[in-house]
Amino acid sequence: MKRNSFCSAEEIKEIGFGSIGDNVFISRKASFYDSHKMSIGDNVRIDDFCILSGCVTIGNYVHIAAYSALFGGDKGVTIKDFANISSKVSIYSVSDDYSGETMTNPMVEDKYKCVQSEAVLIEKHVIIGAGCVVFPGVVLREGSSFGAMTLINKSSDPWSINVGIPFRKIKERKKELLLLERNMVGPLAFTEC
């Protein structure tokens, strides 16, 4: 019999999340560090070779595609409902100082390093394309989307389409999907922009 690639309910419980919702699919090949600091909502899928570390909060109807990494540290990465993280995305709420004034890497004692940490917030209906990098301290506003290989080093405008290194807004994003959300989950969950 072929083994399912997603964890069973018992295996998910053994990971030790702070809280876990219903209808959650987690690849057996994903890795979690400090899972007790993580909260995962309903209808979430985390694919193969993803790494989640530190404080991570995931809302409902969220997909995190293969090879993505979320480094929440102590400040945290928060992903709101209906967000989509494409493959090979890296999201950092922590970063070393690259100036050369201090040392870097986890094998060096903290007194020789200068680790910078700021929370990252990904609001509802955000799409982050394949290969994007998100820096500490950014807020990706509701409905904003980012093309593949985009460097996200600042906060975005809501309902914007963005590309580039570093990113620039190229146009407005349509909001028809809000009607689809309303039809899918009902008017009580719907919030107008």
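Before going into details, it helps to say that this report is about the structure given with it. No experiment lies behind these values; they were computed from the predicted model shown.

Criteria and thresholds
- Residues numbered from 1 in each chain as written.
- Predicted model: local features only at pLDDT ≥ 70, side-chain atom pairs only at ≥ 80, totals over all residues.
- Heavy atoms only, no water.
- Helix = DSSP H or I, 4+ residues; strand = E, 2+ residues; numbered from the N terminus.
- Buried < 20%, exposed > 50% of the residue type's maximum accessible area, 1.4 Å probe, protein only.
- Lys, Arg positive; Asp, Glu negative; His and termini not counted.
- Salt bridge = Lys/Arg side-chain N within 4 Å of Asp/Glu carboxyl O.
- Polar contact = N/O pair within 3.5 Å; in protein donor to acceptor, adjacent residues only side chain to side chain.
- Contact = heavy atoms within 4.5 Å.
- Pairing = 2+ DSSP bridges.
- Phe/Tyr/Trp six-rings, centres within 6.5 Å; stacked < 30°, edge-to-face > 60°.
- Lys NZ or Arg CZ within 6 Å of the ring centre and 35° of its normal.

**Digging into the side chain of Arg 173**
Within the element layout of this structure, Arg 173 appears in the loop between strand S22 (168–172) and helix H2 (177–185). Of the buried charged residues, Arg 173 lacks a salt bridge, with Glu 142 as the closest side chain of opposite charge at 8.7 Å. Here His 125 takes part through its backbone oxygen, which lies 2.7 Å from a polar atom of the side chain of Arg 173. Side-chain polar atoms of Arg 173 contact the backbone oxygen of Gly 143, separated by 2.8 Å. Sequence-distant contacts of Arg 173, that is, excluding residues within four places in its chain, are made with His 125, Ile 127, Gly 143, Ser 144, Ser 145, Trp 159, Ser 160 and Ile 161.

**Here's the deal with the sheet that holds strand S10 (residues 77–79)**
With parallel pairing, the six strands of this open sheet are ordered in space as S1-S4-S7-S10-S15-S18. With one partner strand each, in any of the chains shown, strand S1 (19–20) and strand S18 (139–140) form the two edges of the open sheet. With two bridges connecting them, strand S15 (residues 120–122) and S18 associate as parallel partners. Considered in S18, the bridge of Leu 121 is made with Val 139.

**As for the sheet that holds strand S3 (residues 31–33)**
The sheet built from six strands is open, its strands ordered S3-S6-S9-S12-S17-S20 with parallel pairing. Edge strands, defined here as strands with exactly one partner in the open sheet, are S3 and strand S20 (151–152). In this sheet, strand S12 (residues 90–92) lies alongside strand S9 (residues 69–71) in parallel orientation, the contact comprising three bridges. Residue pairing for S12: Ala 69 is matched across the bridge by Ser 90.

**Thoughts on the packing of aromatic side chains**
Summed over all chains, the structure comprises six aromatic pairs. Ring centres 5.1 Å apart and planes at 85° place the aromatic pair Phe 17 and Phe 32 in the edge-to-face group. With a gap of 15 residues between them, Phe 17 in the loop between helix H1 (9–15) and S1 and Phe 32 in strand S3 connect regions that are remote in the sequence. Judged by relative accessible area, Phe 32 falls into the buried class, the value being 16%. Pairing Phe 146 with Phe 167 gives two aromatic rings, centres 5.4 Å apart and planes at 85°, and the pair type is edge-to-face. Residue Phe 146 is found in strand S19 (residues 145–146), and its partner Phe 167 is found in the loop between strand S21 (160–163) and S22; the two are separated by 21 residues along the sequence. With respect to burial, Phe 146 and Phe 167 carry one shared label: buried. Taking the ring centre of Tyr 67 as reference, the NZ or CZ of Lys 88 above it sits at 5.7 Å. Cation over ring: Lys 154 sits above Phe 167, and NZ or CZ is 5.0 Å from the ring centre.

**Looking at the side chain of Ser 86**
As for its position among the elements, Ser 86 is in the loop between strand S11 (84–85) and S12. With sequence-adjacent residues up to four places away left out, Ser 86 is seen in contact with Ala 65, Ser 68, Ile 128, Gly 129 and Ala 130.

**Describing the pattern of salt bridges**
By the definition in use, this model includes nine salt bridges. The shortest N-O distance in the salt bridge between Arg 45 and Asp 47 comes to 2.6 Å. By relative accessible area, which is 10% here, Asp 47 ends up buried. Among the salt bridges present, the one from Lys 169 reaches Asp 157, with a minimum N-O distance of 3.8 Å. Here the residue Lys 169 occupies a position in strand S22, and Asp 157 occupies one in the loop between S20 and S21, the gap between them amounting to 12 residues. Residue class for Lys 169 comes out partly exposed when judged on its relative accessible area of 38%.

**Quick look at the environment of Lys 75**
Mapped onto the fold, Lys 75 is located in the loop between S9 and S10. On a C-alpha basis, the gap between Lys 75 and Arg 168 in space is 26 Å, while along the polypeptide they are 93 residues apart. Not counting residues within four places of it along the chain, the set of residues in contact with Lys 75 comprises Ser 117, Glu 118 and Ala 119.

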